[in-house]
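The primary structure of each chain is shown beneath.
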Amino acid sequence: MAADILEKIVSHKKEQILDSQRRVPPDRLKASAENTDGRRSLYSALQDSSKVHVIAEIKRASPSKGDIRRDLDPALLAAAYEQGGASAVSVLTDNAFFKGSMDDLVSAKNASGLPVLRKDFIISEYQVYEAAASRADAVLLIVRILSGQQLSDLMGLCAKLSLDALVEVHTQSDLETALNAGAVLIGINNRNLASFQTDLSTATAMAASLGPGHIAVAASGISSRKDIEENLAAGISRFLVGESLVRSNSPEALLKKLIHG
């Protein structure tokens, strides 16, 4: 995988945002986004540290793996995740690199009672308004593609719109930026987004830097109960799991195994 894949994604995202703004003006989007009826709290869903929590992901493809599941039905998968005991659903909405869409998010939200996270490469307020208008409950904010000021501003907008912000970090420097911005939900990505290489020790090593007021979510490379147990030993009990669930013939059964052993 080319080392500049993240740069390519962000560059394309800037163009996509301009195109979206031409089709749906910001003022029209804001009017819909400010309706907070039906918001579900991701923070509350993950708060109980005595149990294993899985944010189950809906992902059609990725730059590193290509197509993951061509016949993916986001509504059926979201319902299956809820049946399997997931605490929340994450939906990849990037189209160019992950073949997702906002329609996938809307379908997932309508098909379950779980909080739904918009997972995308969010670099502007427009995308946050877009998420809120599509009835997302939370958004992913990736420290690596934002300045400290951008992160603070986007988190402030999330709070205004009653959206939770899962702030993704990969390095100690990322973590310091997230904590300085007041992040509480910290997603520790085991995958380096520049190279897409994965190291499962990333989350277990970084979790020790978090205080009792923070919720750590380990993401990328989690696919077995053994992976879960290694993280539990490091004090991590919340996980974002994608590819293994999407590929599974029985995501409900796999979720139950991941959660309960």
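For clarity, every value in this text was computed on a predicted model and none was experimentally measured.

(A) Geometry of the overall build of the protein. Assigned secondary structure in the protein consists of twelve helices and ten strands. In terms of principal-axis extent, the alpha carbons of the protein reach across some 50 × 40 × 40 Å. Every one of the 261 residues in the protein was classed for burial, and the buried ones make up 53%. Of all intrachain contacts in the protein linking residues separated by at least 6 positions in sequence, the fraction that spans at least 24 positions is 69%. Split by element, the accessible area of the protein, about 11100 Å² in all, is 46% carbon and sulfur. Computed over 29 positive and 31 negative side-chain charges, the inter-centroid distance for the protein is 3 Å.

(B) Spotlight on the layout of surface pockets. Roughly 330 Å³ of volume is contained in the largest pocket. Along the walls of the largest pocket sit 21 residues, with Ser20, Arg23, Met102, Arg118 and Glu130 positioned nearest its centre. At the level of secondary structure, the elements contributing two or more residues to the lining of the largest pocket comprise α1 (5-23), α5 (102-111) and α6 (125-133). With five residues, the single largest contributor to the lining of the largest pocket is α1. Here the lining of the largest pocket is built from residues that sort into six nonpolar, eight polar and seven charged.

(C) Region of interest: helix α8 (residues 172-180). Residues of α8 that are buried: Asp174, Leu175 and Ala178. For α8, the angular spread of buried residues about the axis comes to 100 degrees, placing them on one side. Along its buried surface, α8 packs onto α7 (148-160), β7 (164-169), β8 (185-189) and α9 (201-206). Looking one or two residues past α8, Gly182 carries a phi angle of roughly 90 degrees, positive in sign.

(D) The arrangement of the pattern of salt bridges in detail. Considering all chains together, one arrives at 17 salt bridges under this definition. Glu243 is paired through a salt bridge with Lys65; the nearest N and O atoms lie 2.9 Å apart. With Glu243 in helix α11 (residues 243-247) and Lys65 in the loop between β2 (61-62) and β3 (66-67), the pair connects residues that are 178 residues apart, well separated along the chain. Here Lys65 falls in the partly exposed class, since its relative accessible area comes to 42%. Lys99 is the partner of Asp67 in a salt bridge, and the nearest nitrogen-oxygen pair spans 2.5 Å. Of this pair, Asp67 sits in strand β3 while Lys99 sits in the loop between β4 (88-92) and α5, placing them 32 residues apart in sequence.

Calculation rules
- Residues numbered from 1 in each chain as written.
- Predicted model: local features only at pLDDT ≥ 70, side-chain atom pairs only at ≥ 80, totals over all residues.
- Heavy atoms only, no water.
- Helix = DSSP H or I, 4+ residues; strand = E, 2+ residues; numbered from the N terminus.
- Buried < 20%, exposed > 50% of the residue type's maximum accessible area, 1.4 Å probe, protein only.
- Contact = heavy atoms within 4.5 Å.
- Areas by Shrake-Rupley, 256 points an atom, 1.4 Å probe, with all protein chains shown as cover.
- Lys, Arg positive; Asp, Glu negative; His and termini not counted.
- Charge placed at Lys NZ, Arg CZ, Asp CG, Glu CD.
- 1 Å grid on protein atoms, 1.4 Å probe; cavity = no way out; pocket = protein on both sides within 12 Å on 5 of 7 lines; lining within 4 Å.
- Points joined across faces, edges and corners; volume = space filled by probe spheres on them.
- Nonpolar A, V, L, I, M, F, W, Y, C, P; charged D, E, K, R; others polar.
- Arc of directions from axis to C-beta.
- Salt bridge = Lys/Arg side-chain N within 4 Å of Asp/Glu carboxyl O.

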